[in-house]
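The lines below spell out each chain.
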Protein chains: 2
Amino acid sequence: MAVTLAEVAAHAGVSPATVSRVLNGGYPVAGGTRTRVEQAVEELGYVANGPARALAAATSDLVGVLVHDVADSFFGILAGSLQSALAPKGHGDPRRLAVVCNTEGAPEAELAYLTLLEGQRAGGVVLTGGAVEEPGHTTALAARITRMADAGAPVVLCGRPPLPVPAALPVATVMFDDRGGAFRLAEHLLSLGHRRIAYVAGPPGLSTTRVRLGGHREALRRHDPALPEACDPLTVHAGFERSAGYDATRELLRRGAPFTAVAAANDTVATGVAAALREAGLRIPGDVSVAGFDDLPVCVDTAPALTTVRVPLREAGILAAQLVTGRRPLPPGGITTLPTELMVRGSTAPPPPEGSRP
Amino acid sequence: MAVTLAEVAAHAGVSPATVSRVLNGGYPVAGGTRTRVEQAVEELGYVANGPARALAAATSDLVGVLVHDVADSFFGILAGSLQSALAPKGHGDPRRLAVVCNTEGAPEAELAYLTLLEGQRAGGVVLTGGAVEEPGHTTALAARITRMADAGAPVVLCGRPPLPVPAALPVATVMFDDRGGAFRLAEHLLSLGHRRIAYVAGPPGLSTTRVRLGGHREALRRHDPALPEACDPLTVHAGFERSAGYDATRELLRRGAPFTAVAAANDTVATGVAAALREAGLRIPGDVSVAGFDDLPVCVDTAPALTTVRVPLREAGILAAQLVTGRRPLPPGGITTLPTELMVRGSTAPPPPEGSRP
DNA sequence: CCCGATTGAGAAAGCGCTTTCCATCACTCG
DNA sequence: CGAGTGATGGAAAGCGCTTTCTCAATCGGG
């Protein structure tokens, strides 16, 4: 059916082995021979049979990309830039294909997809999104990743903490300075004069949740050691969806404890928070300031525009692509932390004078 | 290294052929034997070698998903639901993996990715996003798709017009009633009293652009045969990004021809339109009404919320997944048109009384 | 109770490529 | 001037699975 390597070899008057070597490099081939082969490839319109290559080489051109959900802008942007970076313009390298898997953040799903990817002899895997911090899962994941990396498939952890794997293995971690971002965001709110700061956190047990909340509380503590505890009643855990922010805020409002600002786990949640607030007749930022996290595109289209912390998703995607394809050497220690940046917009302002509610 | 079929066979005391048959079905295997094999698979934790399967069977578990850009919510949502639908909960079927490819809508990129996918012996392909309507490309694409479908890989065109391929081939088309949606949206604006309706269309030459604009103009024409032409100076073509909407609107404003409403190619563009309008000191919908298309999540978070046309992306993704895996038979004619729905929100209202500008 | 259908399972031939392991060959060193 | 040497290219053995092609065994009917 399709043109095979053997046919190209015959056409060029060389052996299949030579054609393979020309195509894959890493072996000296005389200039003339090389040209002849390349011409044959061109003339016959040869396209390698991926599965056959993968079977023989025990590694494929597939790169697994585990995300919570590509429909979520956070992951969509990350996966998008990653995918694009996998396909370099100058079609020099053989193109790697991105296999994206929605795990919903579920440990079992992550493991299940990794199994599938191992079965496909994926040439690399990128795990994104916060990690469920449960000892059992961490161990299982570390073991799996070690096995894959050991088999030659680079693994990149993106936006999640490093895992205990033997050094020297091709395992890299790309982190975001979530803690610093949350810290600066809280500082921003404090400097505006806010003290009763509500916090709609992500799901408990997730690394991202812990780190962001940690940075936030640290800033409160720095300002006033008693503040973190004082704000505890104003902290609620929720999911990462808009509705979670909405529900959490209604709950907060229902409780009646007054607050003048709300920081959310991420921008999506923040939009839910804002919606609930507005619905309750509160003005943003007049009555309550709202802040998100991630700096998704939606931030500039809400009214007022959302103060948030920019997380360099595109950069992370590109970096992850380079690391997982080996186009970029592992940084010392295997960890790269990308900076986050406070983006002050219209949704945060000084709190209203005392006496207003809530 | 990993457990192989042969080892499972040995463990179960049968031949490799039998194990393969148990795993793939489609061949009678006695109950006892089957049980024994399944047990062996379980005990050894056997995971099939994808490439080997694909090589022997000449088809893989990979499903290609071509999108303009997954980072764009429209495609992210589509690809997300498609991917999830590919992995049915009850882990009965062998899981299919989604290979997502960002084509930026470029014909060459589409072809290039299809080549790659053919090389991988993909078991199916879903092409999404409007098609570039250029004879050459249409022909080339039709030929490619025919070849793939002929080789047994179902092809699903999603959100783009059907292609001329021999019937009887597994090629399905899932369309959105873009025309109807645009028509009803225009009707809505007309019924509010708008007559000078600007339109920020998508890139020329793209099927989506043509169809949406067509529906829009048809509604204008129905209302008053002279209206389409009257609004021509208010129609501009742009890209599908927010900035395109922004730039186009500034251009419109600069021209000085008055208008009381702007319909955009999609929601993302509409947010850009709104931003430019607000920046020019115009109130929405007080001075100018704005409408989008697609009903992306962002619509409910803009202020005011964006009137738009809901496009059933999730449903389309699920449907495409079922069609491309053959879990759902092709509809007669191979075409399914999904309905769109007008979503009236706060960004559209009657035009201001004459005399206001512009 | 024997014979042609059926049903169930094994043997073996690839699928198309990579990759040792060798065989050349043209030189160069001593 | 013969052997050592690096640069090239070929032969062939798989990689792990699917799928004919075959054959043994079981079964119902005349």
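Values in this document were obtained by computation on a predicted structure and should not be read as measured data.

## Looking at the interface of chain A and chain B
One widely used convention gives an interface's size as the accessible area the parts lose upon coming together. Listed per partner, the contact involves 46 residues of chain A and 46 residues of chain B. With both chains or domains summed, chain A and chain B bury close to 3,800 Å², and 61% of this area falls on carbon and sulfur atoms. When the buried surface of chain A facing chain B is broken down by residue, Pro-51, Leu-97 and Asp-301 of chain A rank first, second and third, together holding 16% of it. The tally of links between chain A and chain B comes to 2 salt bridges.

## Some details on the environment of Val-344 of chain B
Residues and elements named next belong to chain B. Looking at the element boundaries, Val-344 is found in the segment after strand E12 (341-343). Residues Val-344 and Val-309 lie 35 residues apart in sequence; the distance between their C-alpha atoms is 8.2 Å. Aside from chain neighbours lying at most four places away, what touches Val-344 is His-188 and Thr-307.

## Side note on the packing of helix H1 (residues 5-12) of chain A against helix H3 (residues 31-44) of chain A
Between two packed helices, the angle of one axis relative to the other and the distance separating the axes together describe the packing. Residue and element names in this part refer to chain A. Two elements in contact, H1 and H3, have axes whose closest approach is 9 Å; the angle formed by their N-to-C orientations is 120°. The orientation of H1 relative to H3 falls into the category oblique. Crossing angle aside, the handedness with which H1 passes H3 is right-handed. Contacts between H1 and H3 pair Glu-7, Val-8, His-11 and Ala-12 from the former with Arg-36, Val-37, Ala-40, Val-41, Glu-43 and Leu-44 from the latter. Per-class residue counts for the contact of H1 with H3 are 6 nonpolar, 1 polar and 3 charged.

## Re the protein's contact with DNA strand D
Among the 25 residues in the neighbourhood of DNA strand D, the closest are listed as Thr-18, Tyr-27 and Thr-33 of chain A together with Leu-5 and Tyr-46 of chain B. Backbone atoms, meaning sugar and phosphate, make up 57% of the atoms of DNA strand D lying within 4 Å of the protein. Residue Asn-24 of chain B places a side-chain N or O atom 2.8 Å away from a phosphate oxygen belonging to DNA strand D. Note that a phosphate oxygen of DNA strand D is positioned 2.2 Å from one of the side-chain N or O atoms of Tyr-46 of chain B.

## Describing the packing of aromatic side chains
The full count for this structure, using the stated rule, is 2 aromatic pairs over all chains. Arranged with centres 4.9 Å apart and planes meeting at 70°, the rings of Phe-74 of chain A and Phe-75 of chain A form a pair that is edge-to-face. The side chain of Arg-95 of chain A reaches across the aromatic face of Tyr-113 of chain B, ending 5.7 Å from its centre. One cation-aromatic arrangement involves Arg-21 of chain B over Tyr-27 of chain B; the distance from NZ or CZ to the ring centre is 4.4 Å.

## As for the sheet that holds strand E7 (residues 235-237) of chain B
All names here are of chain B. What the 4 strands build is an open sheet, ordered E7-E6-E8-E9; its pairing is parallel. Where the open sheet ends on each side, the last strands, each with one partner, are E7 and strand E9 (289-291). Taken pair by pair, the neighbouring strands of this sheet meet at an average axis angle of 15°, ignoring direction. Where strand E8 (residues 261-264) lies against E9, 3 bridges are found, and the strand directions are parallel. Paired with Ala-263 across the bridge in E9 is Ala-291.

## With respect to the pattern of salt bridges
All names here are of chain A. As enumerated under the stated definition, the model contains 38 salt bridges over all chains in all. Measuring nitrogen to oxygen at the nearest pair gives 2.6 Å for the salt bridge that ties Glu-133 to Arg-210. Taken as a pair, Glu-133 in the loop between strand E3 (124-128) and helix H7 (135-150) and Arg-210 in helix H9 (residues 207-223) lie far apart in primary sequence, 77 residues in all. Look at Glu-133 and you get partly exposed, because its relative accessible area is 32%. The class for Arg-210 is partly exposed, based on a relative accessible area of 47%. Bridged by salt links that share partners, the residues Glu-118, Arg-144 and Arg-147 form one connected network.

## Focus: the domain arrangement of chain A
Residues and elements named next belong to chain A. The domains assigned to chain A are domain 1 (5-48), domain 2 (60-177 + 313-340) and domain 3 (178-310). Here the C-alpha centroids of domain 2 and domain 3 sit 29 Å apart. With 17 residues of domain 2 in contact, the opposing surface of domain 3 contributes 16 residues. On the domain 2 side of the contact with domain 3, Glu-133, Asp-177 and Thr-340 bury the most area, a combined 41% of that side's loss. For the pair domain 2 and domain 3, the number of links is 3 salt bridges. Linking domain 2 with domain 3 are 10 residue pairs in polar contact (both at pLDDT 80 or more), by the criterion used here. Of all the elements in the fold, those that place two or more residues in the side of domain 2 that touches domain 3 are helix H5 (73-86) and helix H13 (313-324).

Conventions adopted
- Residues numbered from 1 in each chain as written.
- Chains lettered and ligands numbered in written order.
- Predicted model: local features only at pLDDT ≥ 70, side-chain atom pairs only at ≥ 80, totals over all residues.
- Heavy atoms only, no water.
- Contact = heavy atoms within 4.5 Å.
- Buried area = accessible area lost by both parts, 1.4 Å probe.
- Salt bridge = Lys/Arg side-chain N within 4 Å of Asp/Glu carboxyl O.
- Helix = DSSP H or I, 4+ residues; strand = E, 2+ residues; numbered from the N terminus.
- Axes fitted to C-alpha atoms, helices over the stretch in contact; angles between N-to-C directions.
- Parallel < 35°, antiparallel > 145°, perpendicular 65-115°, else oblique.
- Left-handed = near helix turned anticlockwise from the far one by under 90°.
- Nonpolar A, V, L, I, M, F, W, Y, C, P; charged D, E, K, R; others polar.
- Near = heavy atom within 4 Å.
- Polar contact = N/O pair within 3.5 Å; in protein donor to acceptor, adjacent residues only side chain to side chain.
- Phe/Tyr/Trp six-rings, centres within 6.5 Å; stacked < 30°, edge-to-face > 60°.
- Lys NZ or Arg CZ within 6 Å of the ring centre and 35° of its normal.
- Pairing = 2+ DSSP bridges.
- Buried < 20%, exposed > 50% of the residue type's maximum accessible area, 1.4 Å probe, protein only.
- Domains from an automatic or database assignment.

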